[in-house]
Amino acid sequence: MVKELILAIALGAILGFGVTGSYYFMKHNKNSVNSADQATPTPAAQVDNQATPTPEGNLSVQNVDELPLFIDTPINESVVDQAKIDFQGSTVPNSLIVITTPINSYTTTADTSGNFDTEIDLEAGVNIIDVTIVDPQDNQTNTQILVTYSTADF
Amino acid sequence: MPLIALIFSLLATITPSVLAATPTPTAAATAEPTSTNLEEIQRIRQAVQQKVKEKIREIASTEDTKKAIVGDVVQVNANNITISFEDKQRQLIVNDDTVYINEKRVKTTLDKIKVGQGILAMGYLNADGVLDTRRIVFLNLADVTNQQSTVVAKIADISTSSSVLLLIPVKDKDQQYQVKIDTKTSVTTKKKDKLTTDDLYTSQKIVAILEPDPKVAKTYYAPDIVALENNPPEASPTPAE
């Protein structure tokens with residue numbers, strides 16, 4: 001009696017799980033096929049990073065969607081005692097980096113890891129350095145940092 | 001037997017209920033990520049890494065680090081000065097040890113600082129973000145402001161007679177810029193191969209560094225141009241008569 005009972009329980013469980021599992025498996029596969037056909041790509045970020053002329057003729061860049069940019073050196077608002085410094089950082093891989101200082105402009109390209117490294121010249125005193133990143137999709141991000149070249153002792 | 005049959009049927013009906021309680025993964029969650037999603041994830045990851053690094057640097061910066069900030073004076077009293085730069089105000093602490101230098105590079109005093117005066121303040125930043133100022137140099141902020149800018153654009157027209165390019169930004173086709181070029185304009189490719197202004201052509205995509213023309217409004221000069229593409233159209237053959 002006990003044996004029959006156990007057997008009945010086992011058979012019932014197997015049958016129940018088997019039928020129901022098959023049903024859900026088939027339904028799941030059908031939904032996966034449908035979702036793959038109907039998947040809509042995430043729309044590209046709407047970027048409007050272009051210069052807009054002000055009435056005075058100066059350009060100001062509006063950054064709607066900033067690209068990642070990290071400047072290792074120089075540090076913003078730092079004081080340096082050398083006229084030639086390294087400009088290092090990281091951003092979107094293969095991006096063009098445009099650096100403008102009061103006395104010159106520089107371009108370099110980030111490598112496949114996004115790292116960039118170049119050397120720039122500073123003029124004595126205040127240097128407001130403009131940095132623009134242009135990624136391979138022509139999206140643009142701009143920032144400015146302040147570096148002061150001074151040998152004054154304080 | 002009836003008992004066994006009853007148990008059997010109960011199990012056969014209970015198991016569907018158990019499975020139904022298990023949440024079915026939604027189709028969206030099980031969809032394979034598209035390449036665009038992966039790029040977006042990568043961008044977000046990089047942005048987060050950047051923010052984390054900045055925060056770490058901010059925390060790790062010590063009061064022994066020399067700092068220099070600029071701004072126009074908005075308030076001055078015996079012990080502190082408030083300056084403003086790009087709509088952001090900063091506080092400066094001054095004391096008897098603070099050195100003041102005027103535009104003529106001559107030592108001066110605190111009482112010579114007036115509201116509206118542009119200054120460069122050098123010192124050490126305390127934990128509250130206030131600059132313990134050791135040296136103040138008078139200056140004209142307009143002289144140090146970086147007026148150069150960078151634009152990604154396509155060349156819509158080239159005027160060879162007046163050496164002027166008409167640029168239309170790739171992300172804002174409602175804008176256009178009159179840009180002067182000359183023999184001093186440096187033209188390179190992204191790989192730093194040297195070109196000349198004669199290698200520029202209409203519909204070419206470029207990155208131009210622009211300086212506003214001080215004499216003509218809404219006109220710029222390009223000291224540097226980076227050609228993002230360099231595929232000049234082939235010259236059309238002259239049709240045979």
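Note that the structure is a prediction, hence the values are computed from the model and not measured. (Residues numbered from 1 in each chain as written. Chains lettered and ligands numbered in written order. Predicted model: local features only at pLDDT ≥ 70, side-chain atom pairs only at ≥ 80, totals over all residues. Heavy atoms only, no water.)

1. A closer look at the overall build of chain B
(1) Moving on: Along the backbone of chain B there are 4 helices and 14 strands.
(2) Moving on: Counting the 241 residues in chain B, one finds 35% classified as buried.
(3) Moving on: For chain B, the share of sequence-separated contacts (at least 6 apart) that also reach a separation of at least 24 residues comes to 51%. (Helix = DSSP H or I, 4+ residues; strand = E, 2+ residues; numbered from the N terminus. Buried < 20%, exposed > 50% of the residue type's maximum accessible area, 1.4 Å probe, protein only. Contact = heavy atoms within 4.5 Å.)

2. So, the confidence of the model for chain A
Low-pLDDT stretches of the model should not have their predicted coordinates read in fine detail.
(1) Moving on: When pLDDT is averaged along chain A, the result is 79; 75% of the residues meet or exceed 70.
(2) Moving on: In this model, residues 33-64 of chain A is a region of pLDDT below 50 whose contacts with residues beyond four sequence positions or in other chains number 60 contacts. (pLDDT = per-residue confidence, 0-100.)

3. Structural notes on the nonpolar core
(1) Moving on: The biggest cluster of nonpolar side chains holds 19 residues, and the ones touching the most others in it are A:Phe87, A:Ile120, A:Ile129 and A:Val131.
(2) Moving on: Of all the secondary structure elements, the ones that give two or more residues to this core are β3 (69-73), β5 (84-91), β6 (96-100), β8 (115-121), β9 (125-134) and β10 (140-149) of chain A.
(3) Moving on: It is β9(A) that provides the largest number of residues to this core, a total of 3 residues.
(4) Moving on: If you look at the next biggest cluster of nonpolar residues, it comprises 18 residues, including B:Ala153, B:Val187, B:Ala208 and B:Leu210. (Core = buried A, V, L, I, M, F, W, Y, C linked by side-chain atoms within 4.5 Å.)

4. Let's talk about the packing of aromatic side chains
(1) Moving on: What the rule picks out here adds up to 3 aromatic pairs over all chains.
(2) Moving on: A centroid spacing of 5.7 Å and a plane angle of 80° characterise the contact between B:Tyr177 and B:Tyr220, whose relative ring orientation is edge-to-face. In this pair, B:Tyr177 sits in strand β10 (residues 177-180) while B:Tyr220 sits in strand β14 (residues 219-227), placing the two residues 43 residues apart along the sequence. Grouping residues by exposure puts B:Tyr177 and B:Tyr220 together as buried.
(3) Moving on: Across from the ring centre of A:Phe154, 4.6 Å away, lies the NZ or CZ of B:Lys66, which sits over that ring. (Phe/Tyr/Trp six-rings, centres within 6.5 Å; stacked < 30°, edge-to-face > 60°. Lys NZ or Arg CZ within 6 Å of the ring centre and 35° of its normal.)

5. A few points about the environment of B:Ser149
All names here are of chain B.
(1) Moving on: Positionally, serine 149 belongs in strand β8 (residues 149-159).
(2) Moving on: Looking at serine 149, the relative accessible area reads 4%, which means it is buried.
(3) Moving on: It is 8.8 Å that separates the C-alpha atoms of serine 149 and proline 212, two residues lying 63 residues apart in sequence.

6. Quick notes on the sheet that holds β5(A)
Residues and elements named next belong to chain A.
(1) Moving on: Spatially, β3-β5-β8 is the arrangement adopted by the 3 strands of the open sheet, whose pairing is antiparallel. Each edge of the open sheet is held by one strand with a lone partner, namely β3 and β8. The average angle at which neighbouring strand axes cross in this sheet is 25°, direction not considered. (Pairing = 2+ DSSP bridges. Axes fitted to C-alpha atoms, helices over the stretch in contact; angles between N-to-C directions.)

7. Details of the side chain of A:Ser95
(1) Moving on: Secondary-structure assignment places A:Ser95 in the loop between β5 and β6.
(2) Moving on: Looking at A:Ser95, the relative accessible area reads 0%, which means it is buried.
(3) Moving on: Here the side chain of A:Ser95 touches A:Val92 through a polar contact of 2.8 Å, landing on its backbone oxygen.
(4) Moving on: Ignoring anything within four residues of it in the chain, the contact list for A:Ser95 reads A:Thr108, A:Thr109, A:Ala110, A:Ile133, A:Val134, A:Asp135, A:Pro136 and B:Lys190. (Polar contact = N/O pair within 3.5 Å; in protein donor to acceptor, adjacent residues only side chain to side chain.)

8. A word on the pattern of salt bridges
(1) Moving on: Within the structure shown, the criterion is met by 6 salt bridges over all chains.
(2) Moving on: Ionic pairing is found between B:Arg90 and A:Glu77, a salt bridge with its closest N-O pair at 2.7 Å. With B:Arg90 in strand β3 (residues 88-93) and A:Glu77 in the loop between β3 and β4 (78-80), this residue pair bridges two chains.
(3) Moving on: Note on A:Glu77: relative accessible area 15%, which makes it buried.
(4) Moving on: Its salt-bridge partner being B:Arg134, residue B:Asp132 comes within 3.1 Å of it at the nearest N-O pair.
(5) Moving on: Taking relative accessible area as the criterion, B:Asp132 reaches 23% and is therefore assigned partly exposed. (Salt bridge = Lys/Arg side-chain N within 4 Å of Asp/Glu carboxyl O.)

9. Considering the pairing of β3(B)
All names here are of chain B.
(1) Moving on: Sheet analysis places strand β2 (residues 80-85) next to β3, joined by 6 bridges and oriented antiparallel. Bridge pairing links asparagine 80 to isoleucine 93 in β3.
(2) Moving on: Connecting β2 to the next strand, β3, in antiparallel fashion are 2 residues, including glutamate 86 with a positive phi near 55°.
(3) Moving on: In this sheet, strand β7 (residues 131-138) lies alongside β3 in parallel orientation, the contact comprising 2 bridges.

10. Concerning the pairing of strand β9 (residues 164-169) of chain B
All names here are of chain B.
(1) Moving on: Most of β9 is tucked away, with 5 of its 6 residues classed as buried.
(2) Moving on: Where β8 lies against β9, 6 bridges are found, and the strand directions are antiparallel. Its bridge partner lying in β9, serine 159 is registered against valine 164.
(3) Moving on: Relative to β10, β9 runs antiparallel, the two being bridged by 4 bridges. Of the residues in β10, the one forming a bridge with leucine 166 is glutamine 178.

11. Concerning unusual backbone geometry
(1) Moving on: Following A:Thr73, the chain continues to A:Pro74 via a peptide bond in cis, the omega torsion being 0°.
(2) Moving on: Secondary-structure assignment places A:Pro74 in the loop between β3 and β4.
(3) Moving on: Located in the positive-phi region is B:Asp87, a residue other than glycine, with phi close to 65°.
(4) Moving on: Its location among the elements puts B:Asp87 in the loop between β2 and β3.

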